[in-house]
Amino acid sequence: MKTKLEYQPDITETNKLICERYWLREGDKRSGFIYTCKEIGQEFDVKHQDIPSIVKINAHLVVLDCQCIDCGTTKICYTRSQLTRLDLIRWRCDDCRAALEKRMDQEYLEYRLKQDRLAEEKRQTALEYINQCRSIQLSSIPSVTELNDVDKLLLAATVESLGADNIRNTVSLRDNLSLPLSPFSKLDEEILQHLFNRNLLILASENSYEYVTINEEKELEIDFYQAIFEFAYSIENLTKILINAKSQKNTSALVANDQFKNWCEKLQLGECLSYLITRSRLNYLAPPIGDKLISILRACLAECSVSTMHYVIWKSVENAAAYVQKTGITRRHASNSVSGNIERVFSKIYSGSWSHNKSFRDASHPQSAMAKIFFDYVFGVDDGGFHYTIDKLFSPYRSQKALEPISYAALGNARSTNYSVTIALDIKQS
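Reading the values: the criteria
Residues numbered from 1 in each chain as written. Predicted model: local features only at pLDDT ≥ 70, side-chain atom pairs only at ≥ 80, totals over all residues. Heavy atoms only, no water. Helix = DSSP H or I, 4+ residues; strand = E, 2+ residues; numbered from the N terminus. Rg over C-alpha atoms; globule rule 2.2 N^0.38 Å. Buried < 20%, exposed > 50% of the residue type's maximum accessible area, 1.4 Å probe, protein only. Contact = heavy atoms within 4.5 Å. Areas by Shrake-Rupley, 256 points an atom, 1.4 Å probe, with all protein chains shown as cover. Lys, Arg positive; Asp, Glu negative; His and termini not counted. Charge placed at Lys NZ, Arg CZ, Asp CG, Glu CD. Core = buried A, V, L, I, M, F, W, Y, C linked by side-chain atoms within 4.5 Å. Pairing = 2+ DSSP bridges. Axes fitted to C-alpha atoms, helices over the stretch in contact; angles between N-to-C directions. Phe/Tyr/Trp six-rings, centres within 6.5 Å; stacked < 30°, edge-to-face > 60°. Lys NZ or Arg CZ within 6 Å of the ring centre and 35° of its normal. Patch = residues over 30% accessible without salt bridge, like charges linked within 9 Å, V, L, I, M, F, W, Y side chains within 5 Å. Salt bridge = Lys/Arg side-chain N within 4 Å of Asp/Glu carboxyl O.

Moving on to the overall build of the protein. Regarding its fold elements, the protein presents 18 helices and nine strands. In summary, the protein has a C-alpha radius of gyration of 38 Å against a globular reference of 22 Å for 430 residues, an excess of more than 25%. Along the first, second and third principal axes, the C-alpha set of the protein runs to 120 × 65 × 35 Å. Counting the 430 residues in the protein, one finds 43% classified as buried. At a minimum sequence separation of 6, the contacts of the protein that also span at least 24 residues come to 72%. Within the structure as shown, the protein displays about 23,800 Å² of accessible surface, and the carbon and sulfur contribution to it stands at 48%. Between the averaged position of the 53 positive side-chain charges in the protein and that of its 55 negative side-chain charges there is a distance of 5 Å.

Moving on to helix α12 (residues 291–301). With nine of its 11 residues buried, α12 lies for the most part within the structure. Within α12, the full set of buried residues consists of L293, I294, S295, I296, L297, R298, A299, C300 and L301.

Here N199 shows up in the loop between α7 (185–197) and β4 (201–203). N199 gets classed as buried once you look at its relative accessible area, which sits at 15%. Note: C-alpha distance between N199 and P142 (57 residues apart in sequence) is 7.5 Å. Discounting residues that sit within four places of it in the chain, N199 has contacts with Q137, S140, I141, P142 and A232.

Before going further, it helps to spend a moment on the nonpolar core. With 82 residues, the main nonpolar core has F260 and F374 as its most contacted residues. Per element, the largest residue contribution to this core is 10 residues, and it comes from helix α11 (residues 258–282). Apart from the residues lying within four places of it in its own chain, the contact partners of F374 are V150, L153, L154, F260, W263, C264, L267 and F379. With 23 residues, the next largest nonpolar core counts Y22, I54, L83 and C96 among its residues.

What follows concerns the sheet that holds strand β3 (residues 74–77). In spatial order, the strands read β1-β2-β3; together these three strands make up an open sheet with antiparallel pairing. At either end of the open sheet lies a strand with only one pairing partner, and these are β1 (3–7) and β3. In this sheet, adjacent strand axes meet at a mean angle of 30° when their direction is disregarded. Pairing analysis gives five bridges linking β1 to strand β2 (residues 59–67), with the strands arranged antiparallel. Its bridge partner lying in β2, L5 is registered against L61.

Looking now at the packing of aromatic side chains. The full count for this structure, using the stated rule, is 13 aromatic pairs. With a centroid separation of 6.2 Å and an interplanar angle of 45°, the aromatic rings of F260 and F379 are classed as tilted. Pair noted here: F260 is in helix α11 and F379 is in helix α16 (residues 369–379), with a separation of 119 residues, a long-range link. You'll find F260 and F379 in the same group, each marked buried. An aromatic cluster is built from F260, F374, F375, F379, F394 and Y397, whose rings are joined through pairwise contacts. The ring of Y7 has K16 lying over it, and the distance from NZ or CZ to the ring centre is 5.1 Å. Here K266 stacks its cationic end above the ring of W263, 4.6 Å away from the centre of that ring.

To continue, consider a negative patch on the surface. A contiguous patch of negative charge, built from E216, E217, E219 and E221, is present on the exposed surface. Note on placement: E216 falls in the loop between β5 (212–214) and β6 (220–222). Under the relative-accessibility criterion, E216 is labelled exposed at 76%.

Here β2 pairs with β3 via four bridges, running antiparallel. Bridge pairing links L61 to C77 in β3. In sequence, β2 turns back onto β3 through a hairpin of six residues, with G72 there showing a positive phi of about 85°.

Right, dumping it as structure tokens:
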């Protein structure tokens, strides 16, 4: 490294010697300083802490082979640390560095303004399309008198659970901390999508824009968990729907309605899935929840109440958790054993070798608005269908026409459902 020591014009001889010793290096190596500040201080009877200050005031080191990459100014060092940390190839002087930072700040500002402008253009385009869809919805709202009884019940449950204080719009599922809409999050979203497709919930575009995307087919894809909706009807009509849902009704007609039965089955299935996920997580297990498990739970629910199924699930998960203790068994193996355990425990209850053990409702799985509306108010029970099978609830209201018995094996092949989820957990293989 080529350097040159330059002194202030009025420097004293002593300070000149101090500066020379301070900057003297072995073979011009960058960090090969011959004297320490302590040694220089002892020689000249000066505190070693004062040496760098004396040098900085009286001299500076010009680094001849280091120039600013922008303006060509030669680098000047006032302390040893400036020299040892110097980047000979990419050094910039203070003025050029400040100019570069200002230029970069300006470029970033222009970039952000451009991005914001593009985002706003995209937002406006999307809002225009969303509002077009909203206009179509508003022009296609069915009259209250045209509304079928099942949709009225679903709407009443949604008002009860998600209705905001003014009952003009919903709160989002994400923000709902009071009465759950249904026992299971996927069922919550299915209910909202159903009501949205029926034009009974209208998307609040300004509040929910960020939760809506437009796919290549120009269709709206909505995040039903976070979006906010407006109710299609007036507060007066919503209140009437809510009152009617809680009053006496033609239960026989509802029981004969396949759509009503389908929602009741989904409710009880949701109770079981929610409890299964909770118990599994508490035991650090993650059983895959797909068509096979759904089919098994449907078959069990045809014979057992949700209360009994909670016991079946509890026992099955506990058995799986104990299975992990065996040599060579991982948590994944144990998780995959849960569905088989449910079949085995249910079979013992179904065959009569085990009694129908029932559970009480867990505080972490409160009764939902939908269960209250569909079970308590329709059938006059007080447990949201927790202690009854669908058949037991429906039987008193069915016609006396003989019903064909359905075998357990046939029930195992019950129709599939939209629920196909996997519990995502960090589980250690053991």
